[in-house]
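These are the residues of each chain, in order.
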Amino acid sequence: MAPRNLTGVSKFLLLGFSEEPELQPFIFELFLSMYLITVFGNLLIILAVSSNLHLHTPMYFFLSNLSFVDICFTSTTIPKMLVNIQTKSNVITYEGCITQMYFFTLFGGLDILLLTVMAYDRFMAICHPLHYTVIMKPQLCELLVLVSWVMSALHSLLESLMILRLSFCTLLEIPHFFCELNQMIQFASSDTFLNNVVMYSGVVLLAGGSLTCIIYSYSKIISSIYGITSSQGKYKAFSTCASHLSIVSLFYCTGLGVYLSSASPNSSHSSATASVMYTVVTPMLNPFIYSLRNKDIKRALKILFGKVTLKGPFFVISLLSKWYSQP
């Protein structure tokens, strides 16, 4: 039977990790736990930064934005998978699949761009400390975040529109737990040359360009740290970058591993398993990486837990307004 366009098909099947019924409760509990930890941990970072005036600095402003994006990033995939397990249905509609793919690409791109912006912030703080407060004003920080949103939204929109031109077989089973861009292109039955060109161009420009900027920033940072005479000064400078560098390494290494594994034949299920690292594990670990060795975050969390029983839901909003009203 010749493949026909997807306009006659209303749903796909997400096969997930395993179709064995006895494994479904374990998978459900595991991913529910990781999702709750991710949301709770990143929400704590946002609340700690918002509620403590000492953390109203560019570094923690970018960190709170990264935490918000990480919550959204995991929320585009995990809740749907949990619902499918509970309802014993692997179905996702065509519209739902395109929507999920759009937001997954949007927040994934935002993660990459915000990590790049954070590397630039550390570069300015260590390599140009005398000009740091003059350059990294709240207006510039807000502009950098806004530009990241616009760039990621345009990239995600382009990728989604390119998928709409493809045709698929009447019955499409996706061996993944969400509608991932690369998987959609692989299972299309029409010509995907243009889609592959756009997808890999986006990877090179967005991920490759961001990684190049991060590597350049840290090469300059390392040179500046070696120029510091005091050992205590070197340790303090390096400690401000260690958390960010750990997250960058974890995100890029796991993401690269997914795309390398997807290039090999018969790798769909292994790619789905590997993608858990950067879609779930990395956002879950970000709050721990930033808080375990960060005295400022620990202090802010202690103060937050002391206030949380006394403040209402408008506490965070009022503090955010104070941050944006600062000159």
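Residues numbered from 1 in each chain as written. Predicted model: local features only at pLDDT ≥ 70, side-chain atom pairs only at ≥ 80, totals over all residues. Heavy atoms only, no water.

K.L.:
Looking at this model, I keep getting lost on the overall build of the protein chain. Mind explaining?
P.N.:
Secondary structure summary: the protein chain contains twelve helices and three strands in total. For the protein chain, buried positions account for 49% of its 327 residues. Long-range pairs, those at least 24 residues apart, make up 80% of the contacts in the protein chain between residues at least 6 apart in sequence. Accessible area of the protein chain: about 16,500 Å², with a carbon and sulfur share of 70%. (Helix = DSSP H or I, 4+ residues; strand = E, 2+ residues; numbered from the N terminus. Buried < 20%, exposed > 50% of the residue type's maximum accessible area, 1.4 Å probe, protein only. Contact = heavy atoms within 4.5 Å. Areas by Shrake-Rupley, 256 points an atom, 1.4 Å probe, with all protein chains shown as cover.)

K.L.:
Which parts of the structure should I look at to understand the UniProt feature "transmembrane region" (unreviewed entry) in the protein chain?
P.N.:
Under the UniProt annotation, "transmembrane region" (unreviewed entry) lies at residues 26–49, 61–82, 102–120, 140–158, 197–216, 237–260 and 272–292. In the segment residues 26–49, helix accounts for 100% and strand for 0%; the C-alpha atoms at its two ends are 35 Å apart. Taken end to end, residues 61–82 comprises 91% helix and 0% strand; its first and last C-alpha atoms sit 32 Å apart. (UniProt positions renumbered as here; feature names shortened; annotations may be inferred.)

K.L.:
Looking at this structure, I do not really get the confidence of the model for the protein chain. What am I missing?
P.N.:
Caution applies to low-pLDDT regions: their predicted coordinates should not be interpreted in detail. When pLDDT is averaged across the protein chain, the result is 83; 85% of the residues are at 70 or more. Per-element confidence in the protein chain ranges from a low mean pLDDT of 48 for helix α12 (residues 315–325) to a high of 95 for helix α6 (residues 138–164). Low pLDDT, under 50, characterises residues 1–8; the stretch is placed with 13 contacts to residues that sit more than four places away or in other chains. The low-confidence segment residues 309–317, where pLDDT is below 50, has four contacts with residues more than four positions distant or belonging to other chains. (pLDDT = per-residue confidence, 0-100.)

K.L.:
Any chance you could explain unusual backbone geometry here in plain terms?
P.N.:
Note: most residues except glycine have negative phi, and most peptide bonds are trans. Here the phi dihedral of lysine 88 falls at roughly 55°; this positive angle occurs in a residue that is not glycine. Within the secondary structure, lysine 88 is located in the loop between α3 (78–87) and β2 (91–93). Since its relative accessible area comes to 77%, lysine 88 is described here as exposed.

K.L.:
Any chance you could explain the state of the cysteines here in plain terms?
P.N.:
Formally, a disulfide is one covalent bond, and it connects the sulfur atom of one cysteine to the sulfur atom of another. Overall, the coordinates contain one disulfide when judged by the stated rule. The disulfide partner of cysteine 97 is cysteine 179, and the gap between their sulfur atoms is 1.9 Å. Its torsion about the S-S bond being -120°, the disulfide of cysteine 97 and cysteine 179 is classed as left-handed. Pair noted here: cysteine 97 is in helix α4 (residues 94–127) and cysteine 179 is in the loop between β3 (173–174) and α7 (181–186), with a separation of 82 residues, a long-range link. (Disulfide = S-S within 2.5 Å.)

K.L.:
What is the right way to read the side chain of threonine 116 from this model?
P.N.:
Structurally, the position occupied by threonine 116 is in helix α4. For threonine 116, the side chain forms a polar contact with the main-chain oxygen of isoleucine 112, separated by 2.9 Å. Contacts of threonine 116, omitting those with residues within four sequence positions, involve Ser210, Cys213 and Ile214. (Polar contact = N/O pair within 3.5 Å; in protein donor to acceptor, adjacent residues only side chain to side chain.)

K.L.:
Whenever I open this one, the pattern of salt bridges confuses me. Can you help?
P.N.:
Once the charged atoms of two side chains with opposite charge are near each other, the side chains can pair. In the structure shown here, the tally under the stated rule is one salt bridge. The partner of arginine 122 in a salt bridge is aspartate 121, and the shortest N-O contact between them spans 2.9 Å. (Salt bridge = Lys/Arg side-chain N within 4 Å of Asp/Glu carboxyl O.)

K.L.:
For this particular structure, what's the right way to read the packing of helix α1 (residues 24–51) against helix α2 (residues 58–75)?
P.N.:
Each pair of packed helices can be summarised by the angle the axes make with each other and by the distance between the axes. Running from N to C, α1 and α2 cross one another at 155°; their axes reach a closest spacing of 9 Å. With respect to each other, α1 and α2 are oriented roughly antiparallel. In terms of crossing hand, the pair formed by α1 and α2 is left-handed. Packed against α1, whose contacting residues are Tyr35, Thr38, Val39, Asn42, Leu43, Ile45, Ile46 and Val49, the element α2 presents Tyr60, Leu63, Ser64, Ser67, Phe68, Asp70, Ile71, Thr74 and Ser75 at the interface. (Axes fitted to C-alpha atoms, helices over the stretch in contact; angles between N-to-C directions. Parallel < 35°, antiparallel > 145°, perpendicular 65-115°, else oblique. Left-handed = near helix turned anticlockwise from the far one by under 90°.)

K.L.:
It is not clear to me how the packing of α1 against α3 should be interpreted in this structure. Could you clarify?
P.N.:
Two elements in contact, α1 and α3, have axes separated by 10 Å at closest approach and are oriented at 155°. Taken as axis vectors, α1 and α3 run roughly antiparallel relative to one another. As for how α1 packs across α3, the hand of that crossing is left-handed. Between α1 and α3, the contacting residues are Gln24, Ile27, Phe28, Phe31, Leu32 and Tyr35 on the first element and Ile78, Pro79, Met81, Leu82, Ile85 and Gln86 on the second. Per-class residue counts for the contact of α1 with α3 are ten nonpolar, two polar and no charged. (Nonpolar A, V, L, I, M, F, W, Y, C, P; charged D, E, K, R; others polar.)

K.L.:
Teacher, can you tell me more about a nonpolar patch on the surface here?
P.N.:
On the surface, a cluster of nonpolar side chains totalling about 550 Å² of accessible area is made up of Leu143, Leu146, Val147, Val150, Met151 and Leu154. Mapped onto the secondary structure, methionine 151 falls in helix α6. A relative accessible area of 44% means that methionine 151 is categorised as partly exposed. (Patch = residues over 30% accessible without salt bridge, like charges linked within 9 Å, V, L, I, M, F, W, Y side chains within 5 Å.)

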